[in-house]
Amino acid sequence: MDNQFTKTLVLDSSYTPRGIISSFRGFVITWKGNAEVVQNHDCKFKVQDPDAEYWKPSIIRVNHYVNQKGHRVPLTRENVFRRDNHKCVYCDIGEKRQDLTIDHLVPQCRGGKNTWDNLVTSCKTCNNKKGDSDVEDFTSIKLDPKQPHYLALLRTTGNIPEEWRPYLFPSK
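Since we're looking at a predicted model, the values are computed, not measured.

Engineer: What's the story with the pattern of salt bridges in this structure? I'm lost.
Structural biologist: Opposite charge on two side chains permits them to pair, given that their charged atoms come into close proximity. Enumeration according to the criterion identifies eight salt bridges in this entry. A salt bridge links Asp103 to Lys130, with the shortest nitrogen-to-oxygen separation between them at 3.4 Å. On the criterion of sequence distance, the pair formed by Asp103 in strand 5 (residues 100-104) and Lys130 in helix 3 (residues 124-130) is long-range, its members being 27 residues apart. Considered together, Asp103 and Lys130 belong to a single accessibility category, that of buried residues.

Engineer: Honestly, the environment of Arg97 in this entry has me stumped. Any pointers?
Structural biologist: Within the fold, Arg97 resides in the loop between helix 2 (77-83) and strand 5. For Arg97, a relative accessible area of 43% corresponds to the partly exposed category. The spacing of Arg97 and Ser23 is 74 residues in sequence and 26 Å in space, taken between C-alpha atoms. The residues touching Arg97, leaving out its near neighbours within four places in the chain, are Glu78 and Phe81.

Engineer: Help me out: how do you make sense of the environment of His149 in this one?
Structural biologist: Topologically, His149 is positioned in the loop between helix 4 (135-138) and helix 5 (150-155). Given the relative accessible area of 39%, His149 is considered partly exposed.

Engineer: Would you take a moment to explain the pairing of strand 6 (residues 119-123) for this structure?
Structural biologist: A regular strand places its side chains on the two faces of the sheet in alternate fashion. Most of strand 6 is tucked away: five of the five residues are buried. Alternating residues of strand 6 divide into Leu119, Thr121 and Cys123 and Val120 and Ser122, and every residue in both groups is buried. In the sheet, strand 5 pairs with strand 6 via five bridges, with the strands oriented antiparallel. By the bridge assignment, His104 is partnered in strand 6 with Leu119.

Engineer: Please explain the sheet that holds strand 4 (residues 55-62) as it appears in this structure.
Structural biologist: Across a sheet, paired strands are connected by hydrogen bonds in the backbone, their directions being either parallel or antiparallel. If you walk across this open sheet you meet the four strands as 2-1-4-3, and the pairing is mixed. Pairing within the sheet leaves two strands with one partner each, and these edge strands are strand 2 (17-22) and strand 3 (35-44). On average, each strand axis in the sheet is inclined to that of its neighbour by 20°, with strand direction left out of account. Here strand 3 pairs with strand 4 via six bridges, running antiparallel. Residue pairing across strands places Val37 opposite Ile60, the latter belonging to strand 4.

Engineer: Would you explain the nonpolar core in this entry?
Structural biologist: A general tendency of soluble globular proteins is for nonpolar side chains to be buried together. Counting 17 residues, the largest nonpolar core has Leu9, Trp164 and Leu168 as the members making the most contacts within it. Those elements that provide at least two residues to this core are strand 1 (7-11), helix 2, strand 5 and helix 5. Discounting chain neighbours no more than four positions away, the residues touching Leu168 are Leu9, Pro17, Leu154, Arg155 and Ile160.

Engineer: I keep staring at the state of the cysteines and nothing clicks. Help me out?
Structural biologist: This model, assessed by the stated rule, comprises zero disulfides. Here Cys88 stays free of any disulfide, with the sulfur of Cys91 as its closest cysteine sulfur at 3.6 Å. The cysteine Cys123 is free of any disulfide, with Cys126 supplying the nearest cysteine sulfur at 3.5 Å. For Cys123, a relative accessible area of 4% puts it in the buried group.

Rules of the game
- Residues numbered from 1 in each chain as written.
- Predicted model: local features only at pLDDT ≥ 70, side-chain atom pairs only at ≥ 80, totals over all residues.
- Heavy atoms only, no water.
- Salt bridge = Lys/Arg side-chain N within 4 Å of Asp/Glu carboxyl O.
- Helix = DSSP H or I, 4+ residues; strand = E, 2+ residues; numbered from the N terminus.
- Buried < 20%, exposed > 50% of the residue type's maximum accessible area, 1.4 Å probe, protein only.
- Contact = heavy atoms within 4.5 Å.
- Pairing = 2+ DSSP bridges.
- Axes fitted to C-alpha atoms, helices over the stretch in contact; angles between N-to-C directions.
- Core = buried A, V, L, I, M, F, W, Y, C linked by side-chain atoms within 4.5 Å.
- Disulfide = S-S within 2.5 Å.

See below:
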């Protein structure tokens with residue numbers, strides 16, 4: 001049961017979501033006085049001292065505002081998959097993670113770079129069919145991949161605890 005309570009949502013001083021960290025890291029940040037606990041998980045850390053009880057934080061709020069302009073989403077395989085909803089952009093089939101690959105719209109052999117606007121999620125079949133051809137030669141689908149906003153990726157995190165929803169999906 002404790003395995004589902006391993007993450008902590010981090011909010012800045014204006015209650016804007018800024019990231020997800022381990023519950024242990026969230027505990028350390030609050031213990032040092034750099035954040036306050038907004039809500040705890042329904043479980044405690046297991047410690048050697050039977051008299052000590054430390055709740056696992058579910059949501060913490062840091063004591064300062066976090067500048068949003070400096071908040072960049074790192075370019076990783078998993079973040080490209082998450083941006084594209086774990087589906088092949090060519091055939092729109094959601095494959096198992098091990099059957100997904102990263103495809104360069106402009107192939108590396110033709111000068112394509114590892115950038116947000118040149119990388120897309122592809123199944124192995126489509127990636128092999130495309131080979132080293134340009135995307136315009138392979139499909140008529142208009143692709144315009146962009147760097148995702150960090151909040152968009154936070155919202156795609158699996159198993160979102162119910163108490164996080166008001167912060168990640170605010171009602172208008």
